[in-house]
Amino acid sequence: MANAIRALAMDAVEQARSGHPGLPMGAADIATVLFARFLKFDAADPAWADRDRFVLSAGHGSMLIYAVLHLLGYEKVTIEEIKRFRQLGSLTPGHPEYGHTPGVETTTGPLGQGIANAVGMAIAERHLAAVFGSGIVDHWTYVLASDGDLMEGISQEAIALAGHLKLKKLIVLFDDNGISIDGPLSLTDSVDQVKRFEAAGWAATRIDGHDPEAIAAAIEAAKKSERPSMIACRTTIGYGAPTKAGSEKSHGSALGADEIAGARKNLGWSAAPFEIPAAIREQWRAAGARGHPARLAWEARLAALDPKARAEFERRIGNTVPTQMLVEAVASVKQKLAEAPKEIATRAASEFALETLTAALPEMIGGSADLTGSNNTRTKAMKALSAADYAGRFIHYGVREHGMAAAMNGMALHGGIIPYSGTFLVFSDYCRPAIRLAALMGQRVIHVMTHDSIGLGEDGPTHQPVEHLAALRAIPNLKVFRPCDAVETVECWQLALEHRHGPSVLALTRQNVPQLRRGFDARNRCASGAYELLAAEGGAAEVSLFATGSEVAVAVASQKLLAAQKIPTRVVSVPCFELLLAAPASERAAVIGDAPVKVAVEAGIRQGWDEIIGADGAFVGMTSFGASAPYKELYQHFGITPERVAQAALTRLKKS
Ligand SMILES: Cc1ncc(C[n+]2csc(CCOP(=O)(O)OP(=O)(O)O)c2C)c(N)n1
């Protein structure tokens with residue numbers, strides 16, 4: 001059975017003239033034992049909610065999972081798709097892509113992400129089991145990780161968190177082949193991985209990864225452990241290849257006809273390319289159907305559940321937000337703000353909104369990377385999620401932004417949870433690879449990123465984001481929200497929760513801002529990405545001021561200065577570029593307007609703004625890193641003031 005994986009991997013990579021045969025050939029025995037004897041799944045229903053999750057963290061070994069899915073009988077993964085490995089539109093892309101190939105649980109390729117996703121999946125499993133009971137949620141999360149996965153720093157964050165949370169249903173199979181691209185691992189690494197995992201609170205062991213009984217025994221033992229488990233499986237990369245086995249030469253390129261012929265001989269595999277002998281195919285198909293009775297039994301248990309509980313489980317696992325409840329929750333927050341306006345930081349406004357939103361949406365699981373009090377992501381009612389209480393809804397991620405962001409992706413992928421978290425906006429760089437993957441996979445994860453400009457003050461330039469808004473806006477399918485006050489903050493929360501197929505960032509202030517939206521307006525004005533907050537007075541607008549977040553108040557003050565000089569000026573709040581730029585051209589044109597002078601103000605760099613104000617528009621913002629001082633002084637020092645904005649407008653007006 002394992003040789004069938006090896007043969008398909010060799011043949012597909014050869015046909016594509018590109019790909020990675022070494023890992024699938026080396027890890028074939030591990031995958032065979034896992035899928036044929038342990039993994040709970042049903043090839044006939046890849047979306048079964050209580051299936052065991054399998055994460056191929058070393059995504060370059062994609063032919064391993066494609067071969068396995070094909071052999072198990074996943075309907076869509078046909079031999080034709082295997083033959084089209086790495087070709088445009090095939091179900092077998094270069095690296096596994098979530099949502100593309102049934103049976104692929106997460107997109108992997110950037111090493112280290114998969115193992116960190118798996119930690120999130122294992123957290124999701126424990127939490128949902130605590131909420132809905134082990135009759136409905138009770139599954140394992142398995143990971144196949146390579147040397148590269150374990151060398152990446154993110155793996156340390158993931159391992160430490162999993163050990164701390166005692167995620168006993170997480171099992172990592174380490175493809176311990178001692179080879180990476182540059183050559184033997186002795187070039188780069190001397191870590192004892194077993195000791196490393198043990199130090200993080202895992203059970204860890206070392207076995208021969210080509211001995212099926214040893215693999216099975218190690219998995220059996222891992223399933224009895226009270227801790228997460230790591231099994232270092234000593235393997236030979238490119239197992240079976242006559243000259244390239246055990247060498248980096250089998251890692252990432254086609255083996256060539258002679259080497260493949262030699263490997264077929266060594267493995268005793270005489271079938272033609274892409275052909276699987278009937279007896280072996282039968283065994284694989286039987287493995288693919290092995291979980292069928294378990295699935296039916298699970299479906300019966302679900303059907304027997306109290307109808308309300310069943311409906312709630314199905315709603316949550318289907319990632320369906322209760323629209324009416326969300327709309328009502330947002331309206332009630334806005335009502336309170338209309339009655340008693342708040343001059344507070346938008347991070348505090350976010351906490352105010354979360355009090356109501358998290359009560360309405362039990363699937364929201366919050367967190368922070370050790371900045372809970374600063375990010376305001378934990379509401380008073382939220383209990384911590386811990387090894388002692390997986391029903392808790394707030395995760396203290398520790399100082400682990402990258403691991404946090406990747407674990408959040410895993411939770412969203414698992415289903416049943418809307419993860420949101422907190423850190424400083426400047427540390428979005430530490431989360432960026434995982435945010436990018438959330439965007440690529442279309443996952444609803446929400447990052448609350450506070451201290452969003454020089455407005456954070458004394459912590460200085462290391463902590464003051466300058467280029468971050470622009471950098472985040474560059475990621476496709478990510479929505480970046482920068483609300484200007486408490487009302488916009490709750491509206492942006494609603495939009496982030498409704499952005500079902502992609503991640504969001506909420507960039508929030510540390511400093512207080514005035515509530516600019518007064519009175520009750522049921523509409524979500526942020527939904528159009530930008531809107532006219534204040535119309536021009538005294539005639540057609542000669543100046544349009546555009547601003548986001550804390551700088552909207554600067555624009556509003558500037559409007560007064562210009563009004564004193566009889567210059568009709570409008571103010572447009574731009575809480576979300578992506579929504580504005582996605583709006584129909586006519587709507588976009590209407591909100592951007594045709595005032596001869598356009599000025600934008602944002603305490604960040606200009607990049608991206610030209611799409612709104614044009615290359616000839618004026619920009620008041622940052623052109624350098626910030627500095628350490630009280631924030632009001634910084635706004636003066638860097639010239640982000642009403643006077644400077646008015647001056648910029650006047651200078652342009654004179655020119656025009
Ligand atoms: C974050 C990241 N950096 C670099 C790469 C490029 N890359 C792909 S595989 C690999 C290392 C290969 O070694 P290993 O993980 O041991 O895999 P094996 O050689 O056993 O297949 C590298 C550096 C990557 N995919 N992701």
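Here the structure is shown first, and the text comes after it.
To keep things clear, this report deals only with the structure shown in the data block. (Residues numbered from 1 in each chain as written. Predicted model: local features only at pLDDT ≥ 70, side-chain atom pairs only at ≥ 80, totals over all residues. Heavy atoms only, no water.)

1. Here's the deal with helix H15 (residues 346-360)
Taking 1.5 Å per residue, 15 residues should reach 21 Å; H15 reaches 21 Å between its end C-alpha atoms and fits that length. Of all the bends in H15, the largest measures some 35° and sits at leucine 354. Counting buried residues along H15, 11 of its 15 residues qualify, which places the element largely inside the surrounding structure. Inspection of H15 places Thr346, Arg347, Ala349, Ser350, Glu351, Ala353, Leu354, Thr356, Leu357, Thr358 and Ala360 among the buried residues, and these make up the whole buried set. (Helix = DSSP H or I, 4+ residues; strand = E, 2+ residues; numbered from the N terminus. Expected span 1.5 Å × (residues − 1). Bend = angle between axes of the 7 residues up to and from the residue. Buried < 20%, exposed > 50% of the residue type's maximum accessible area, 1.4 Å probe, protein only.)

2. Concerning the environment of methionine 364
Its location among the elements puts methionine 364 in strand S9 (residues 364-368). Since its relative accessible area comes to 0%, methionine 364 is described here as buried. A sequence separation of 91 residues divides methionine 364 from glycine 455, and the C-alpha atoms of the two residues are 29 Å apart.

3. Considering the site of the ligand
Around the ligand lies a shell of 15 residues, among which His60, Gly109, Ser146, Gly148 and Asn177 are the nearest. Between the ligand and histidine 60, the relevant distance is 2.7 Å, taken from an oxygen atom to a side-chain nitrogen or oxygen of the residue. The side chain of serine 146 places a nitrogen or oxygen atom 2.6 Å from an oxygen atom of the ligand. Those elements that place two or more of their residues in the shell around the ligand are helix H6 (147-151) and strand S4 (179-180). (Near = heavy atom within 4 Å. Polar contact = N/O pair within 3.5 Å; in protein donor to acceptor, adjacent residues only side chain to side chain.)

4. Points about the pairing of S9
Extensive coverage of S9 is indicated by the burial of 5 of its 5 residues. The alternating pattern of S9 places Met364, Gly366 and Ser368 and Ile365 and Gly367 on opposite faces, both of which are buried. Sheet analysis places S9 next to strand S10 (residues 394-396), joined by 3 bridges and oriented parallel. Paired with glycine 367 across the strands is isoleucine 395, a residue of S10. (Pairing = 2+ DSSP bridges.)

5. Some thoughts on the sheet that holds strand S18 (residues 569-573)
Within the open sheet, the 5 strands sit side by side as S16-S18-S17-S19-S20. Their pairing is mixed. Either end of the sheet is taken by a strand with one partner, and the two such strands are strand S16 (531-534) and strand S20 (618-620). Pairwise comparison of adjacent strand axes, ignoring direction, gives a mean angle of 30° for this sheet. Across 5 bridges, strand S17 (residues 543-547) lies against strand S19 (residues 597-601) in parallel orientation. For serine 544, the partnering residue across the bridge sits in S19 and is lysine 598. Sitting on the sheet, helix H21 (residues 551-564) touches S16, S17, S18 and S19, and the angle it makes with S17 is about 160°. Its contacts with the sheet put helix H26 (residues 642-655) on S17, S19 and S20, and the angle it makes with S19 is roughly 155°. (Axes fitted to C-alpha atoms, helices over the stretch in contact; angles between N-to-C directions. Contact = heavy atoms within 4.5 Å.)

6. Some remarks on the nonpolar core
In this structure, Ile123, Leu167, Leu170, Trp202 and Met230 are the most contacted members of the largest nonpolar core, which totals 71 residues. Look past the residues within four positions of isoleucine 123 in its chain and what remains in contact with it is Leu161, Leu165, Leu167, Leu385, Ile395 and Met411. With 66 residues, the next largest nonpolar core counts Leu326, Ala329, Phe394 and Leu650 among its residues. (Core = buried A, V, L, I, M, F, W, Y, C linked by side-chain atoms within 4.5 Å.)

7. Examining unusual backbone geometry
Unusually for a residue other than glycine, arginine 17 sits at a positive phi of about 60°. Checked against the element boundaries, arginine 17 lands in the loop between helix H1 (2-16) and helix H2 (22-38). Positive phi is not limited to glycine here, since lysine 566 has a value of about 65°. Position of lysine 566 among the secondary structure elements: in the loop between H21 and S18. Here lysine 566 falls in the exposed class, since its relative accessible area comes to 72%.

8. Considerations on the packing of aromatic side chains
Applying the stated criterion across every chain yields a total of 14 aromatic pairs. Aromatic side chains tyrosine 66 and phenylalanine 85 sit 6.1 Å apart centroid to centroid with 70° between the ring planes, which places their arrangement in the edge-to-face category. With tyrosine 66 in helix H3 (residues 62-72) and phenylalanine 85 in the loop between helix H4 (79-83) and helix H5 (113-132), this residue pair connects regions lying 19 residues apart in the sequence. The buried category is assigned to tyrosine 66, whose relative accessible area is 0%. Between phenylalanine 427 and tyrosine 430 the ring centres are 5.8 Å apart and the planes differ by 65°, which places this aromatic pair in the edge-to-face class. An aromatic cluster of three or more residues is present, and its members are Phe35, Phe41, Phe54 and Tyr74. In this structure, arginine 126 is placed above the aromatic ring of tyrosine 390, and the distance from its NZ or CZ to the ring centre is 5.9 Å. When the ring centre of phenylalanine 352 is taken as origin, the NZ or CZ atom of lysine 342, which lies over that ring, is 4.5 Å away. (Phe/Tyr/Trp six-rings, centres within 6.5 Å; stacked < 30°, edge-to-face > 60°. Lys NZ or Arg CZ within 6 Å of the ring centre and 35° of its normal.)

9. Thoughts on the sheet that holds strand S2 (residues 141-145)
The 5 strands lie next to each other as S1-S2-S3-S7-S6, forming an open sheet whose pairing is parallel. The open sheet terminates on both sides in strands that have one partner only, identified here as strand S1 (53-56) and strand S6 (203-208). Within the sheet, the average angular offset between the axes of one strand and its neighbour, ignoring direction, is 15°. Judged from the 6 bridges that link them, S6 and strand S7 (residues 229-234) form a sheet pairing that is parallel. When the sheet's bridge partners are listed, alanine 204 is paired in S7 with methionine 230.

10. Section: the packing of H1 against H3
Relative orientation of the contacting elements H1 and H3 amounts to 120°, with a least axis distance of 9 Å. Our classification of the angle between H1 and H3 gives oblique. Between H1 and H3 lies a crossing of right-handed hand. Side by side, H1 and H3 meet where Ala4, Ile5, Leu8, Ala9, Ala12 and Val13 of the first sit next to Met63, Leu64, Ala67, Val68, His70 and Leu71 of the second. Looking at the contact of H1 with H3 residue by residue, the classes come out as 11 nonpolar, 1 polar and no charged. (Parallel < 35°, antiparallel > 145°, perpendicular 65-115°, else oblique. Left-handed = near helix turned anticlockwise from the far one by under 90°. Nonpolar A, V, L, I, M, F, W, Y, C, P; charged D, E, K, R; others polar.)

It is worth stressing that arrangement in space is one thing and function is another; only the former is reported here.
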